[in-house]
Amino acid sequence: MGLVYLPLPQDMEVMRRPFGELYEGSKLEDLPDHLRKRAREAVLCSVGDVVTGYLLKNGLFPNVAVTDGKTLRGNVGLSKAESGYEVIQVHNPPGTVSAESLSVITDMSQKINPSCRFWITVEGEEDLLALPIIALFPPSTITLYGQPKRGVVLVTGNAKKEEALKILERMQVARRD
């Protein structure tokens, strides 16, 4: 499997809370219209099967979709056959950011623009991969991820970039085989 980065316990506590604006209940119904107004000039990223499925169902195609085929550890049947996506597979053990995932996201951050479409398929768990996207992607990025049993979290541009970078820098390196 290789090298992985493990968040410190205090950082896990921070990441359990919404890292941006939480859309839940009736407010969630307004999210597609809110995104349509801003997505033309932005890079749109979704992390999680439910969030990605929600966007696609509402006619919004993320520039980067990150999914693992599961939600709350149950299987989800989300098709990666959406036209125009380059599919990239990575290994990412639960509760970590693998060196492989970080490398793919770092490379992607250098070439991403509103016309690109990448679908990262994760063997393992994608939950923490919003963190390097928030930290490394350009200021025009809108990142969405699922907040379990609550709704969808929206993080815009530089709003949490510095905090995400600090969490990544504090992560401990470990080897997982």
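Residues numbered from 1 in each chain as written. Predicted model: local features only at pLDDT ≥ 70, side-chain atom pairs only at ≥ 80, totals over all residues. Heavy atoms only, no water.

### Overview of the side chain of Lys161
At step 1: With respect to the secondary-structure elements, Lys161 resides in helix H7 (residues 161-170).
At step 2: No salt bridge is formed by the buried Lys161; the nearest opposite charge belongs to Glu162, separated by 11 Å.
At step 3: Those residues in contact with Lys161 that lie beyond four places of it in its chain are Ile134, Ala135, Leu136 and Phe137. (Helix = DSSP H or I, 4+ residues; strand = E, 2+ residues; numbered from the N terminus. Buried < 20%, exposed > 50% of the residue type's maximum accessible area, 1.4 Å probe, protein only. Lys, Arg positive; Asp, Glu negative; His and termini not counted. Salt bridge = Lys/Arg side-chain N within 4 Å of Asp/Glu carboxyl O. Contact = heavy atoms within 4.5 Å.)

### Re the pattern of salt bridges
At step 1: One pass over the structure, following the stated rule, counts 7 salt bridges.
At step 2: Salt-bridge contacts for Glu13 lead to Arg16; the nearest nitrogen and oxygen are separated by 3.4 Å. Residue Glu13 and its partner Arg16 are located together in helix H1 (residues 9-16), separated by 3 residues, close to a single helical turn.
At step 3: Note on Arg16: relative accessible area 52%, which makes it exposed.
At step 4: Between Lys160 and Glu163 there is a salt bridge; the shortest N-O distance is 3.2 Å.
At step 5: Judged by its relative accessible area of 30%, Glu163 is partly exposed.

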